[in-house]
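Listed below are the residues making up each chain.
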Amino acid sequence: MAGEVFFVAEGGRVRDYSGGLTFSVAVTCLMAASCGLIFGYDIGVTGGVTQMESFLEKFFPEVLRGMKSARRDAYCKYDNQLLTAFTSSMYIAGMLASLVASVVTRRLGRKAVMLVGGTMFLAGSVINASAVNIAMLIIGRILLGFGVGFTAQAAPLYLAETSPTRWRGAFTTAYHFFLVAGTLAANVANYFTNRIPGWGWRVSLGLAAVPAAVIVAGALFVSDTPSSLVLRGDPDRARASLQRVRGGAGADVEAEFKDIAAAAEEARRSEEGAFRRLLRGKGYRHYLVMAVAIPTFFDLTGMVVVAVFSPVLFRTVGFESQKAVLGSVIVSLVSLAGVVVSTAAVDRCGRRVLFLAGGAAMLVFQVAVAWIMAEHLGKHGAVTMPRSYAVGVVVLMCLYTFSFSVSWGPLKWVVPSEIYPVEIRSAGQAVTMSVALTLSFTQTQVFISMLCAMKYAIFLFYAGWVLAMTVFIAAFLPETKGVPLEAMRSVWAGHWFWRRFVVLDAKQEVQMNRM
């Protein structure tokens, strides 16, 4: 039944916590979700800036010279490792920061990590906007990466722990909504600053300070999550925080608070060696597989590099600079529409349905893009393809992006944030983010070279991975819709494959046997 929330309780029956959708929880969760703005803005701004001639002339003049001699191969206009290092350096810094953020999150809380991350991103944006050499650009990118690593580690956990169970998918999806909104804002900024000769790129990079300032200001006015406060030994503040987000003094939060406290107590008994437990413990094998598989498959959809390099991709198929950026704006708008659909559907249809439907559609559109580029780009010495086919590539990329934004885009944040038990939650999220950012670093560093070497087959490469990940989800990911975080083990215990690895305590065993 739509909206029903399942929780394994004594007697094998199900119950629902009393908390509903309140103004307080909406404001608190939207503030945390806005951390996606800085990640999205960075994704959008770099692709636009790296094809601006004023930026290339100042820092990468050899790329401009290469563009003028690119008639030998239409796919190789932007193949420069130093230029891609400008983009990819943020991701490797984010990977390192996400590992550190796991420890900081556990000891200082989700709120503190979001505050630190926003401050680092703010500093990085100022340095990038004022850069006079490549070294300053890279230093600024590293600070941006630290900011993204910290906030991306903490914000999804904050959303999952604060939002009501029946709306958890929608609220966690909001992080991806803000990420796409940030990308759209960056593409719009690039569209207008691309017309400013000489220093337009500085405006685009400097505007990253705006979402960073919003996050820093917002983080000062929200409380930490009840789970984090209990875990750090402050049950009174935790109860007050839970009461506030569940509807004030009139809300009955006793049952939910008891479950949070019990989960935190279990986490304290397992406090030492969260990473070791995740990496080596048989009872945590399924969590480790998902911590690696979901971000790996997410990156191998190809959407990360498409989002970053869409202006470059559109210039490759024949659009001039301004129209290439406009194409990226259109793709971002379509992506935003897809996230809205996902937000409405994720807690009604479930996670698996969106994963499977989105994967099937993405596969079709990737193959179609590969076919058009194989048949019509770079033929007979031409540098571009006929305009009608170039428009067709834009349309197919929009459809591909919409499919991704309904499925893998937001669910990459939803599922990892909700599946881990509290004793490994920060460690699990750190592994998920470090894997994702490492792969993003690798792909952004090599994508232009791969496009140059593989040509249209790069899209067939990603299509093959989309097929593999769709089969994986169908076989190995259980449905988590409507299951409270504290009861998530029961979902894995009922799965045909993972149940052999799940370790339940005596009470949970009795509950499972009664179901």
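This structure is a prediction, so every number in the text was calculated from the model and none was measured. (Residues numbered from 1 in each chain as written. Predicted model: local features only at pLDDT ≥ 70, side-chain atom pairs only at ≥ 80, totals over all residues. Heavy atoms only, no water.)

Caption draft 1: Quick look at the overall build of the protein chain. If you tally the helices and strands in the protein chain, you get 24 helices and zero strands. Counting all 515 residues of the protein chain, 60% fall into the buried class. Long-range contacts, defined as pairs at least 24 residues apart, comprise 80% of the intrachain contacts of the protein chain with a sequence gap of at least 6. A total accessible area of about 18900 Å² is found for the protein chain, and carbon and sulfur atoms account for 66% of it. (Helix = DSSP H or I, 4+ residues; strand = E, 2+ residues; numbered from the N terminus. Buried < 20%, exposed > 50% of the residue type's maximum accessible area, 1.4 Å probe, protein only. Contact = heavy atoms within 4.5 Å. Areas by Shrake-Rupley, 256 points an atom, 1.4 Å probe, with all protein chains shown as cover.)

Caption draft 2: Layout of the pattern of salt bridges. Counted according to the given criterion, the structure contains eight salt bridges. Salt-bridge contacts for Glu161 lead to Arg110; the nearest nitrogen and oxygen are separated by 2.6 Å. Taken together, the residues span a long stretch of sequence, with Glu161 in helix H7 (residues 134-162) and Arg110 in helix H6 (residues 110-129) at a distance of 51 residues. In this structure, Glu161 and Arg110 share a single accessibility class: buried. (Salt bridge = Lys/Arg side-chain N within 4 Å of Asp/Glu carboxyl O.)

Caption draft 3: Summary view of a nonpolar patch on the surface. A grouping of Leu207, Val210 and Val214 is seen on the molecular surface, where their side chains present a nonpolar patch of about 230 Å² in accessible area. Residue placement: Val214 occurs in helix H10 (residues 209-219). (Patch = residues over 30% accessible without salt bridge, like charges linked within 9 Å, V, L, I, M, F, W, Y side chains within 5 Å.)

Caption draft 4: Quick peek at the confidence of the model for the protein chain. Looking at the protein chain, the pLDDT average stands at 82 and 85% of residues meet or exceed 70. Scored below 50 in pLDDT, residues 1-15 shows 34 contacts in the model against residues more than four places distant or in partner chains. (pLDDT = per-residue confidence, 0-100.)

Caption draft 5: A look at the side chain of Thr172. In this fold, Thr172 is placed in helix H8 (residues 168-193). Taking the relative accessible area as the measure of exposure, Thr172 reaches 0% and is therefore buried.

Caption draft 6: Spatial organisation of unusual backbone geometry. Positive phi outside glycine occurs at Lys455, with the angle close to 55°. Along the polypeptide, Lys455 turns up in the loop between helix H21 (425-454) and helix H22 (457-476).

Caption draft 7: Structural context of the side chain of Asp224. Structurally, the position occupied by Asp224 is in the loop between H10 and helix H11 (226-231). Polar side-chain contacts of Asp224 include one of 3.2 Å to the backbone nitrogen of Arg110. A distance of 2.8 Å separates the side chain of Asp224 from the side chain of Arg232, its partner in a polar contact. The contact partners of Asp224, leaving out residues within four places of it in the chain, are Leu108, Gly109, Arg110, Lys111, Tyr158, Leu229, Arg232 and Ser241. (Polar contact = N/O pair within 3.5 Å; in protein donor to acceptor, adjacent residues only side chain to side chain.)

Caption draft 8: Quick look at the packing of aromatic side chains. Tallying each qualifying case throughout the model produces 28 aromatic pairs. Taking the centre distance of 6.0 Å and the plane angle of 55° together, the rings of Phe476 and Trp498 count as tilted. One end of the pair, Phe476, is in helix H22; the other, Trp498, is in the loop between helix H23 (489-493) and helix H24 (506-514), and 22 residues separate them in sequence. Given the relative accessible area of 22%, Phe476 is considered partly exposed. Pairing Phe497 with Trp498 gives two aromatic rings, centres 4.8 Å apart and planes at 80°, and the pair type is edge-to-face. Taking relative accessible area as the criterion, Trp498 reaches 4% and is therefore assigned buried. Positioned over the ring face of Phe59 is Lys58, at 5.8 Å from the centre of the ring. Above the plane of the ring of Phe298 lies Lys412, whose end atom (NZ or CZ) is 4.6 Å from the centre. (Phe/Tyr/Trp six-rings, centres within 6.5 Å; stacked < 30°, edge-to-face > 60°. Lys NZ or Arg CZ within 6 Å of the ring centre and 35° of its normal.)

Caption draft 9: Region of interest: the environment of Val132. Position of Val132 relative to the elements: it lies in the loop between H6 and H7. The class for Val132 is exposed, based on a relative accessible area of 52%. Remark: the alpha-carbon pair of Val132 and Phe59, spanning 73 residues in sequence, is separated by 8.6 Å.

Caption draft 10: Inspection of the packing of helix H5 (residues 81-108) against H21 at higher detail. Contact geometry of H5 with H21 gives a least axis separation of 8 Å together with a crossing angle of 175°. It follows that H5 is roughly antiparallel to H21 by the angle criterion. Classifying every residue of the contact of H5 with H21 by side-chain character gives eleven nonpolar, 15 polar and one charged. (Axes fitted to C-alpha atoms, helices over the stretch in contact; angles between N-to-C directions. Parallel < 35°, antiparallel > 145°, perpendicular 65-115°, else oblique. Nonpolar A, V, L, I, M, F, W, Y, C, P; charged D, E, K, R; others polar.)

Caption draft 11: Structural context of helix H15 (residues 285-299). Between the first and last C-alpha of H15 there are 22 Å, a value that for 15 residues agrees with the 21 Å anticipated at 1.5 Å per step. Regarding H15, the residues found buried are His286, Tyr287, Leu288, Met290, Ala291, Ala293, Ile294, Pro295, Thr296, Phe297, Phe298 and Asp299. (Expected span 1.5 Å × (residues − 1).)

Caption draft 12: Layout of the nonpolar core. Phe39, Phe55, Phe60, Tyr175, Met290, Trp408 and Trp492 are the most contacted members of the largest nonpolar core, which has 135 residues in total. If you look at the next biggest cluster of nonpolar residues, it comprises ten residues, including Ala238, Leu242, Phe257 and Ala264. (Core = buried A, V, L, I, M, F, W, Y, C linked by side-chain atoms within 4.5 Å.)

Caption draft 13: Looking closely at the environment of Ala189. Its location among the elements puts Ala189 in helix H8. Expressed as a C-alpha distance, the spacing of Ala189 and Val203, which sit 14 residues apart in the sequence, is 8.2 Å. Setting aside anything within four residues of it in sequence, one finds Ala189 in contact with Tyr41, Ser204 and Leu207.

Caption draft 14: Highlighting the environment of His376. Positionally, His376 belongs in helix H18 (residues 351-376). You can call His376 buried: its relative accessible area is 19%. Expressed as a C-alpha distance, the spacing of His376 and Tyr389, which sit 13 residues apart in the sequence, is 7.4 Å.

Caption draft 15: Geometry of the packing of H8 against helix H20 (residues 408-419). With their axes 8 Å apart at the nearest point, H8 and H20 run at an angle of 135° to one another. Classed by the angle they form, the pair H8 and H20 counts as oblique. Classified by chirality, the crossing of H20 by H8 is right-handed. Counted together, Arg168, Gly169, Thr172, Thr173, Tyr175, His176 and Leu179 of H8 and Gly409, Pro410, Trp413, Val414, Ser417 and Glu418 of H20 form the full contact between these two elements. (Left-handed = near helix turned anticlockwise from the far one by under 90°.)

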